[in-house]
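Chain and residue survey
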Amino acid sequence: MNYPRVVVVPLIWLACAPAAHAAPLDAAIESVVVTAGALPGTALDPDKVPFNTQIINSADLNRFGAASTLDTLDLRVTGVSISNAQNSPFQPNLFYRGFEASPLAGDAQGLAVYANGVRLNQPFGDTLNWDLIPDVAIDRLTLEGSNPVFGLNALGGSLAVQMKNGFTYAGAAGEALFGAFDRRQGSIQYGAEDGDKAVYISINRLTETGWRQHSPSKLAQIFTDLGWRGGAGEIHLSLSGADTDLTGNGTSPVELLAVARSAVFTFPDNTKNTNGLANLYGTLRASDELSFQGNLYLSGFRQRSMNGDASNANPCAAPAGLLCLDDGSIVTGENGNPIPDFLSGGPYGQLNVTRTDSTAYGGAFQGAYDAPLFGRTNHFLAGLAADKGRTGFAAQSEVGSISLQRGFVGQV
């Protein structure tokens, strides 16, 4: 399936305010927020934009232990809540004022998420896979209210992520964490600047068995940024990759939980994601008032999911010896032949398998002009953005049995 997601939108921003007076030397420096679309490079005082803006920096991400974007957004940002419908801490649904960013295809996606100008919403379903974002490499998060500058899925708001590079992060750091349910996590990061060149790299890996039965997960992420800076601007090439194997079993009946709080009703419920992303981005300062920013990116995404559950297939009342659904229709296989009642009564299980392969590419270009207009502070921005993706999707279901441990078992 070819899903063109081309957005060619003029992004025009005009902010006028009384000319600023000289501030005393001991005055606190005002924080600034990137408002010029998703690309880094232009900034404004958040008090001068007509929508709510909340900023999270790298220190905030580490406030509760290991760097965690989701925990920080949930605990420190107004209007954000987390729903763990998938029962995996790496696959949550994030809600911002009722609008959602979720890894579940079919959900109404109301938040646009960008990292250094790259659209992270997937081409297929505009889903957002939080496990692909390397938390340790994040320098800054800007969560804004509804703003058409951010294009598709920005009805509820947008999240602009700015990653670290060798010019903004210097030194080396490592971290190791151990916790219950065999959780082990380790991360390292290194950044250095040498004249007009800089490099940054981070690696993060996590494994755990999970607090519920049959719920192991593992996650590996890498991010690197190579930068060059001159008198007129700078350019960066960032490369990132992620490989995750996540289990998030569904809800269990209260009767089962009364026996064991860690029990799962059916399994497996597993999602494997692999992602690679290359992004070339930079900024050019033509003068003190005029600057240009742009990026080009290419990403590849692969997802494999398995979901074991109880089946709606049961022995037919007539004709006998076959399987039927609740509406009386006969269950057939890939070749169209009826499936016999091979368990002589059940219980029957079902394994749903999906396969998604996506390639996304695109870019953005913008120009920003900052100069007084009629004696008032002025910020003018215009730009274009284009995002396109191509996705192959396949799904199939297999009928089998349910074991005594409520796991799916295929036909022998």
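Up top is the structure.
So, here is what we can say about the structure in this document. (Residues numbered from 1 in each chain as written. Predicted model: local features only at pLDDT ≥ 70, side-chain atom pairs only at ≥ 80, totals over all residues. Heavy atoms only, no water.)

Using the criterion set out here, one finds 1 disulfide in the structure. Through a disulfide, Cys-316 is tied to Cys-324; the S-S separation comes to 1.9 Å. Between Cys-316 and Cys-324, the S-S dihedral sits near 100 degrees, and the bridge is therefore right-handed. (Disulfide = S-S within 2.5 Å.)

Further remarks concern the side chain of Asn-204. Tracing the backbone shows Asn-204 in strand S14 (residues 197-208). Here the side chain of Asn-204 touches Gln-185 through a polar contact of 3.3 Å, side chain to side chain. Ignoring sequence-local partners within four residues, the contact set of Asn-204 consists of Val-136, Gln-185, Gly-186, Ser-187, Leu-219, Ala-220 and Gln-221. (Helix = DSSP H or I, 4+ residues; strand = E, 2+ residues; numbered from the N terminus. Polar contact = N/O pair within 3.5 Å; in protein donor to acceptor, adjacent residues only side chain to side chain. Contact = heavy atoms within 4.5 Å.)

Structurally, the position occupied by Ser-252 is in the loop between strand S16 (233-247) and helix H3 (254-259). Measuring from C-alpha to C-alpha, the distance between Ser-252 and Thr-266 comes to 8.3 Å, with 14 residues separating the pair along the chain. One polar contact links Ser-252 to Arg-212, side chain to side chain, over a distance of 3.0 Å. Side-chain polar atoms of Ser-252 contact the backbone nitrogen of Phe-265, separated by 3.3 Å.

Taken in spatial order, the 3 strands of this open sheet run S5-S6-S7, and their pairing is antiparallel. Each of the sheet's edge strands pairs with one partner strand only, and the pair in question is strand S5 (80-83) and strand S7 (99-101). Ignoring which end each strand starts from, the neighbouring axes of this sheet average 30 degrees apart. Pairing of S5 with strand S6 (residues 93-96), which is carried by 4 bridges, proceeds in the antiparallel orientation. (Pairing = 2+ DSSP bridges. Axes fitted to C-alpha atoms, helices over the stretch in contact; angles between N-to-C directions.)

On to helix H2 (residues 69-76). If you check which residues of H2 are buried, you get Thr-69, Leu-70, Thr-72 and Leu-73. Down the axis, H2 shows its buried residues gathered within 165 degrees of arc, on one side only. The inward-facing, buried residues of H2 abut strand S4 (53-57), helix H1 (58-61), S5, S6, strand S10 (138-144) and strand S11 (157-163). A side-chain oxygen of the first residue of H2 lies 3.2 Å from the backbone nitrogen of Asp-71; this N-cap is Ser-68. (Buried < 20%, exposed > 50% of the residue type's maximum accessible area, 1.4 Å probe, protein only. Arc of directions from axis to C-beta.)

Counted under the stated rule, the structure contains 2 cavities of 30 Å³ or more. Lining the largest cavity are 31 residues, with Val-118, Arg-119, Leu-120, Asn-275 and Leu-277 sitting closest to its centre. With 5 residues, S16 is the largest single contributor of residues to the lining of the largest cavity. Partitioned by chemical class, the residues of the lining of the largest cavity number 15 nonpolar, 11 polar and 5 charged. (1 Å grid on protein atoms, 1.4 Å probe; cavity = no way out; pocket = protein on both sides within 12 Å on 5 of 7 lines; lining within 4 Å. Points joined across faces, edges and corners; volume = space filled by probe spheres on them. Nonpolar A, V, L, I, M, F, W, Y, C, P; charged D, E, K, R; others polar.)

A general trend in soluble globular proteins is that nonpolar side chains are found buried together. With 31 residues, the main nonpolar core has Trp-130 and Leu-159 as its most contacted residues. Broken down by secondary-structure element, the contributors of at least two residues to this core are H2, S6, strand S8 (111-115), S10 and S11. If we skip the residues at most four places from it in the chain, Trp-130 touches Leu-70, Phe-90, Pro-92, Leu-94, Ala-101 and Leu-159. (Core = buried A, V, L, I, M, F, W, Y, C linked by side-chain atoms within 4.5 Å.)

In this section: a nonpolar patch on the surface. Judged by side-chain polarity, Leu-226, Trp-228, Ile-235, Leu-237, Leu-239, Leu-280 and Leu-296 come together as a nonpolar surface patch covering roughly 620 Å² of accessible area. Contributing elements (two or more residues each) for the nonpolar patch: strand S15 (217-230) and S16. If you tally residues by element for the nonpolar patch, the top one is S16, at 3 residues. On the secondary structure map, Leu-280 appears in strand S17 (residues 269-285). (Patch = residues over 30% accessible without salt bridge, like charges linked within 9 Å, V, L, I, M, F, W, Y side chains within 5 Å. Areas by Shrake-Rupley, 256 points an atom, 1.4 Å probe, with all protein chains shown as cover. Salt bridge = Lys/Arg side-chain N within 4 Å of Asp/Glu carboxyl O.)

Let us look at the packing of aromatic side chains. Using the criterion set out here, one finds 6 aromatic pairs in the structure. Consider the rings of Tyr-114 and Phe-150, whose centres lie 6.0 Å apart with planes at 50 degrees: the pair is tilted. With Tyr-114 in strand S8 and Phe-150 in the loop between S10 and S11, this residue pair connects regions lying 36 residues apart in the sequence. Given a relative accessible area of 9%, Tyr-114 falls into the buried group. The class for Phe-150 is buried, based on a relative accessible area of 2%. Residues Phe-292 and Phe-365 carry aromatic rings whose centres are separated by 5.8 Å and whose planes lie at 15 degrees to one another, so their mutual orientation is stacked. (Phe/Tyr/Trp six-rings, centres within 6.5 Å; stacked < 30°, edge-to-face > 60°.)

Quick look at a positive patch on the surface now. A cluster of basic side chains, namely Arg-205, Lys-218, Lys-272 and Arg-302, defines a positive patch on the protein surface. Relative to the assigned elements, Lys-272 resides in strand S17. A relative accessible area of 42% places Lys-272 in the partly exposed class. (Lys, Arg positive; Asp, Glu negative; His and termini not counted. Charge placed at Lys NZ, Arg CZ, Asp CG, Glu CD.)

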